[in-house]
Amino acid sequence: MERIRILLRKSLRFGAHKYIKLVESNGCHKRAGIDLVMEMQKRSEKKRRGRSCVDLFSGAGGLAVGFRKAGWNILAANDIDEDAALTFRQNFPETTFFLGPIAKLKAKDLLAECNINKGELDCLIGGPPCQSFSYNNHQRSANDARARLFEDYLRLVRELAPKTLIMENVPGILTIDNGSVVRVIASKLSRLGYAVSVKLLSAEQFGAPQIRRRAFIVATRVGDSNELLPIPSHGISRDTSEENRAYINKHDRKTPSRKKLVTIQQAIGDLPRLENGGGKHVRKMPSKRPTTQYQRNARKGATALYNHVCRNLSEVMLERMKYVPEGGNWRDIPRRLLTEGMKRARSSDHTKRYGRLSRKGLSATLLTKCDPHWGAYVHPTQNRTISVREAARIQGFPDEFQFAGESISKQYAQVGNAVPIPLAQALGEAALKHLRRSERKQRSATFIRSSVVTKRKRAA
Ligand SMILES: C[S@@+](CC[C@H](N)C(=O)[O-])C[C@H]1O[C@@H](n2cnc3c(N)ncnc32)[C@H](O)[C@@H]1O
């Protein structure tokens, strides 16, 4: 049994609510916990260059990793979840982390921490929690308390006045109450002087081996908001429902030379075999060489293989999964082995449940619970769930990114919550280009104005 000692240290930076949590235990968690704090202290002075960015509702930092890869400097981040905060701090020692509810986060603290004035922040990124809008939540409602988190987000937009902003959410946000949530957010942003665009973007079209569609509300007060929407680089457009069609990226039709979609085998095929419930939090890099560009990119900078651990499935679950072939699902399982609820399901329903990934295919959207009852989480050729590392690869996290947290369910949740890195990076690159373009325009407008003034002076 692991002995876990939690020390809470109060810091004045975030009211009285900023805590640094030290986890001390035997085994791998000990390494993760102690390294975390030591590394944070050692490297916190490291300074990065790049455009300024603040990440709200940061989670473990999927969106932030993509932005950092694109060349952004993540100056500060905020989240309420202690495990996600541990992960974020460990992987972003150069970033100030505010742990606590967004309601208590003050713009003046953020500005002071980032050493900038109102109006100088280049980009505010962040996805308020999506459960209240998710199709997976049958009682979704625009009045849900969680919907009010948008109000806090908008308060910070008003007080920070970032040049651009990028909000991520589940597609359900576009249709809830006939789209009123998005209309309200867009009209509040335009009253604050922003041009706003809303689009659905698909992670697989940016090189993630996962079909994951997310809604993005992007806004700028320095130009055309459509420039903030990245152009897909992979695959072909997938058909979509009538109501969502208006939000599909208009550039989709303009990019004929896209790369092939990335498959599960290309993404995780080099990772070592595991038994059900097996694996280690830290082990040496596999001797098997990477065979694809995706695997080579994932391994860059990694000195060990972290979080290659998988969930322990019960005997009955293992028995069920023996019947499910690659790409199959609950319909392949003999009726006698199904739960009472699933016995009543129509065969056209729940097509992802008890699913087994296919090597040549893509993963369905990873959710926060790595439970075969809810989705396709079983390894293509081994009788076990995918490991935290395999899930992270499917989300595009680099192997050097380590997930912290007291249990592997918390780690799976951080992975499942994240914006896939290839999509986040494409958003970061588009935002950089947009800012450069707007500055060029501003410079040439200033140049034209000053030469007109000079000519007039000469003429006078
Ligand atoms: C969808 S996740 C964000 C994922 C993240 N953008 C990424 O790419 O990894 C939403 C996050 O909002 C955080 N959250 C929920 N309620 C919050 C609150 N009141 N204040 C701050 N963060 C909150 C959750 O802990 C969760 O990590």
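Novice: So what exactly am I meant to see when it comes to the overall build of the protein chain here?
Specialist: Per the secondary structure count, the protein chain includes 14 helices and 13 strands. Burial statistics for the protein chain: of 460 residues in total, 43% are counted as buried. Considering only residue pairs separated by 6 or more positions, the protein chain has 68% of its internal contacts joining residues 24 or more positions apart.

Novice: Help me understand the nonpolar core, please; the structure alone is not making it clear to me.
Specialist: General note: in soluble globular proteins, nonpolar side chains tend to be found buried as a group. F67, C123, L124, I166, I217, A391 and L423 are the most contacted members of the largest nonpolar core, which totals 102 residues. The element contributing the most residues to this core is helix 14 (residues 421-459), with 8 residues. Looking at which domains feed residues into this core, each of domain 1 (50-259 + 423-442) and domain 2 (264-417) gives three or more.

Novice: Teacher, can you tell me more about the sheet that holds strand 9 (residues 213-220) here?
Specialist: Either a parallel or an antiparallel arrangement is found when strands of a sheet pair, and the pairing is made through backbone hydrogen bonds. In space, the 7 strands of this open sheet follow the order 5-4-3-6-7-9-8, with mixed pairing throughout. Looking at the sheet topology across the chains shown, the edges are occupied by strand 5 (96-99) and strand 8 (195-202). Here the strands of the sheet are splayed against their neighbours by 20° on average, with no regard to which way each runs. By the bridge criterion, 8 bridges tie strand 8 to strand 9 in an arrangement that is antiparallel. If you follow K199 over to strand 9, its bridge partner there is F216. Taken strand by strand, helix 6 (residues 180-191) contacts strand 8 and strand 9, and its axis lies near 140° from that of strand 8. The sheet contacts of helix 14 involve strand 3 (51-56), strand 4 (72-79), strand 6 (123-126), strand 7 (164-169), strand 8 and strand 9, and relative to strand 7 the element is tilted by about 160°.

Novice: Teacher, can you tell me more about the site of the ligand here?
Specialist: By nearness alone, 21 residues border the ligand, and F57, G59, G62, D81 and A418 come closest of all. Put simply, the parts of the chain that give the shell around the ligand at least two residues each are helix 2 (62-70) and strand 4. Of the residues that constitute the shell around the ligand, the class distribution is 12 nonpolar, 7 polar and 2 charged.

About the cut-offs
Residue numbers here run from 1 along each chain, matching the order of that chain's written sequence. It should be noted that, the model being predicted, local features are given only for residues of pLDDT at least 70 and side-chain atom pairs only at 80 or more, the latter also being counted only at that level, while totals for whole chains, interfaces and linings use all residues. Numbering of helices and strands runs from the N terminus; a helix is a DSSP stretch of H or I covering at least four residues, while a strand is a stretch of E covering at least two. The exposure label follows from counting other C-beta atoms within 10 Å of a residue's C-beta, where the C-beta atoms are placed from the backbone and the thresholds are 20 or more for buried and 12 or fewer for exposed, leaving partly exposed in between. For every residue pair, C-beta atoms are placed from the backbone, and the pair is scored as a contact if these atoms sit within 7 Å. Residues of type Ala, Val, Leu, Ile, Met, Phe, Trp, Tyr and Cys that are buried and joined through C-beta atoms within 7 Å form what is called a nonpolar core. For the purposes of this description, domain bounds are those given by an automatic or database domain assignment. Any two strands with at least two DSSP bridges between them are considered paired. For helices, the fitted line uses only the C-alpha atoms of the stretch in contact; every axis is such a line through C-alpha atoms, and the angle between N-to-C directions lies from 0 to 180 degrees. Residue proximity rests on one test: whether the C-beta atom, placed from the backbone, lies within 6 Å of the molecule or strand. Charged residues are taken to be Asp, Glu, Lys and Arg, nonpolar residues to be Ala, Val, Leu, Ile, Met, Phe, Trp, Tyr, Cys and Pro, and polar residues to be all remaining types, Gly included.

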